[in-house]
Amino acid sequence: MKIATYNVNGVNGRLPVLLRWLKEAEPDVVCLQELKSPDERFPAAAIEAAGFGAIWHGQKSWNGVAILARGAEPIETRRGLPGDRDDLHSRYIEAAVEGIIIGCLYLPNGNPAPGPKFDYKLKWLERFAAHAKELLATDLPVILAGDYNVMPTEMDVYKPERWVDDALFRPEVRDAYRKIIEQGWTDAVRKLHPDERIYTFWDYLRNAYGRDAGLRIDHLLVAPAIAGRLKAAGVDRHVRGWEKSSDHAPTWIVLRS
């Protein structure tokens with residue numbers, strides 16, 4: 001079973017890229033972020049024609065998350081992250097697919113830091129950590145996949161000294177991510193590639209992709225109930241080089257049956 005996460009940076013504008021990658025990679029489950037589309041404009045027909053059922057939580061111009069399942073309909077279990085009724089951002093959706101609970105998230109960027117956006121990011125991380133802990137307590141097979149906007153270690157960022165004050169790399173954010181991992185989650189890509197510099201995002205500016213000046217901010221966290229099934233993990237970095245591609249590349253894991 002192949003599960004992927006992909007920040008598409010606009011699902012309608014980059015639909016040809018998404019469909020091309022779906023055909024090439026043949027994932028079983030896909031978590032999408034930054035749809036930048038209201039619910040009624042989500043390209044459900046095109047995705048269905050490609051062989052995928054879908055649920056989505058959209059928002060005009062900003063945010064938005066979706067879960068796709070090849071040849072199946074995801075069974076929605078949650079829409080929105082609990083803990084703040086006033087938070088109207090479309091950043092979290094959850095579904096059951098083939099016996100696995102899939103949480104798809106788009107964690108706030110948080111810049112500039114310090115400031116209100118950074119405070120919102122830290123509060124969102126607190127809420128996410130609480131929900132992640134509740135999911136672990138079920139002992140179910142769970143995967144939390146998405147754009148975390150967190151670079152966990154210096155190995156996950158090109159020239160880390162340039163990012164010390166950025167909201168994606170500040171100590172408070174990295175510490176919050178570490179505490180989530182310590183609940184018992186496995187960072188699947190890092191688990192299978194412990195010593196490699198692997199990036200999932202390259203800025204559009206300064207020829208970042210050509211220079212491989214990237215960041216690893218897209219993660220798949222795997223619960224103990226399913227961690228033993230990890231077989232492979234990687235990044236389809238070549239997709240970032242396609243014309244009109246997102247600044248992220250699809251990141252994926254493969255589970256043994």
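Cut-offs and rules
- Residues numbered from 1 in each chain as written.
- Predicted model: local features only at pLDDT ≥ 70, side-chain atom pairs only at ≥ 80, totals over all residues.
- Heavy atoms only, no water.
- Phe/Tyr/Trp six-rings, centres within 6.5 Å; stacked < 30°, edge-to-face > 60°.
- Helix = DSSP H or I, 4+ residues; strand = E, 2+ residues; numbered from the N terminus.
- Buried < 20%, exposed > 50% of the residue type's maximum accessible area, 1.4 Å probe, protein only.
- Lys NZ or Arg CZ within 6 Å of the ring centre and 35° of its normal.
- Arc of directions from axis to C-beta.
- Contact = heavy atoms within 4.5 Å.
- Lys, Arg positive; Asp, Glu negative; His and termini not counted.
- Salt bridge = Lys/Arg side-chain N within 4 Å of Asp/Glu carboxyl O.
- Polar contact = N/O pair within 3.5 Å; in protein donor to acceptor, adjacent residues only side chain to side chain.
- Pairing = 2+ DSSP bridges.
- Axes fitted to C-alpha atoms, helices over the stretch in contact; angles between N-to-C directions.

Undergrad: What is the right way to look at the packing of aromatic side chains in this model?
TA: The way to describe two aromatic rings as a pair is by their centre distance and the angle between their planes. Going through the model one piece at a time under the given rule, you end up with six aromatic pairs. Ring geometry for Y6 versus W21: centroids 5.5 Å apart, planes at 65°, classification edge-to-face. Residue Y6 is located in strand β1 (residues 2–7), and its partner W21 is located in helix α1 (residues 15–25); the two are separated by 15 residues in the primary sequence. One exposure class covers both Y6 and W21, and it is buried. Seen from their ring centres, W202 and Y209 are 5.5 Å apart, and the 85° between their planes marks the pair as edge-to-face. W202 sits in the buried class, given a relative accessible area of 0%. Judged by relative accessible area, Y209 falls into the partly exposed class, the value being 25%. We note R170 situated over the ring of F118; from NZ or CZ to the ring centre the distance is 5.1 Å. The positively charged end of R174 is found above the aromatic ring belonging to F169, 4.1 Å away from the centroid.

Undergrad: When you look at helix α4 (residues 171–181) in this model, what are you seeing that I'm missing?
TA: Owing to its 3.6 residues per turn, the α-helix brings residues three or four apart onto one side. Taken residue by residue, α4 has V173, A176, Y177 and I180 as its buried positions. Considered in projection along α4, the buried side chains sweep an arc of 95° and stay on one side of the axis. Packed against the buried residues of α4 are α3 (116–137), β9 (186–187) and β12 (218–222).

Undergrad: Can you help me understand the side chain of D166 in this one?
TA: As for its position among the elements, D166 is in the loop between β8 (142–147) and α4. Of the side chains with opposite charge, K121 comes closest to the buried, unpaired D166, at an N-O distance of 6.3 Å. Polar side-chain contacts of D166 include one of 3.2 Å to the side chain of N111.

Undergrad: Help me out: how do you make sense of the pairing of strand β3 (residues 52–57) in this one?
TA: In regular strands, side chains alternate between the two faces of the sheet. β3 sits mainly inside the fold: five of its six residues count as buried. The pairing of β3 with strand β4 (residues 65–70) spans six bridges and is classified as antiparallel. Opposite G53, over in β4, you have A69 as the bridge partner.

Undergrad: Any chance you could explain the environment of W242 here in plain terms?
TA: Turning to its location among the elements, W242 is positioned in the loop between β13 (230–235) and β14 (251–255). For W242, a relative accessible area of 12% translates into the label buried. Along the sequence, W242 and V17 sit 225 residues apart, while their C-alpha atoms lie 7.6 Å from each other. Beyond its immediate chain neighbours, meaning those up to four positions away, W242 contacts V17, R20, W21 and E24.

Undergrad: So what exactly am I meant to see when it comes to the pairing of β4 here?
TA: In terms of burial, β4 is largely enclosed, as five of its six residues are buried. Pairing geometry for strand β2 (residues 29–33) and β4, over five bridges, is antiparallel. Counterpart to V30 in the pairing with β4 is L68.

Undergrad: I keep staring at the sheet that holds β2 and nothing clicks. Help me out?
TA: Two orientations exist for strands paired in a sheet by backbone hydrogen bonds: parallel and antiparallel. Within the open sheet, the six strands sit side by side as β3-β4-β2-β1-β14-β13. Their pairing is mixed. Both outer strands of the open sheet, β3 and β13, are each paired with one neighbouring strand and no more. The average angle at which neighbouring strand axes cross in this sheet is 15°, direction not considered. Pairing of β13 with β14, which is carried by five bridges, proceeds in the antiparallel orientation. Along β14, the bridge assignment pairs A233 with I253. Docked against the sheet, α1 engages β1, β2, β3 and β4, running at close to 160° with respect to β1.

Undergrad: Please clarify how the sheet that holds β8 should be interpreted in this entry.
TA: With mixed pairing, the six strands of this open sheet are ordered in space as β5-β6-β7-β8-β12-β9. Pairing within the sheet leaves two strands with one partner each, and these edge strands are β5 (75–79) and β9. Of the pairings in the sheet, the one linking β5 to strand β6 (residues 92–97) comprises four bridges and is antiparallel in character. Each residue of the ladder has a partner; that of R78, found in β6, is E94. Along the sheet face, α4 touches β9 and β12 and points at about 25° away from the line of β12.

Undergrad: In this structure, what is going on with the environment of A69? I would like to understand it.
TA: Relative to the assigned elements, A69 resides in strand β4. In this structure A69 comes out as buried when scored by relative accessible area, which is 1%. Sequence separation of A69 and I47 is 22 residues, and the distance between their C-alpha atoms is 10.0 Å. Beyond its immediate stretch of four places on either side in the chain, A69 contacts D28, G51, F52, G53, P74 and V97.

Functional significance is not addressed by these values, which are geometric in nature.
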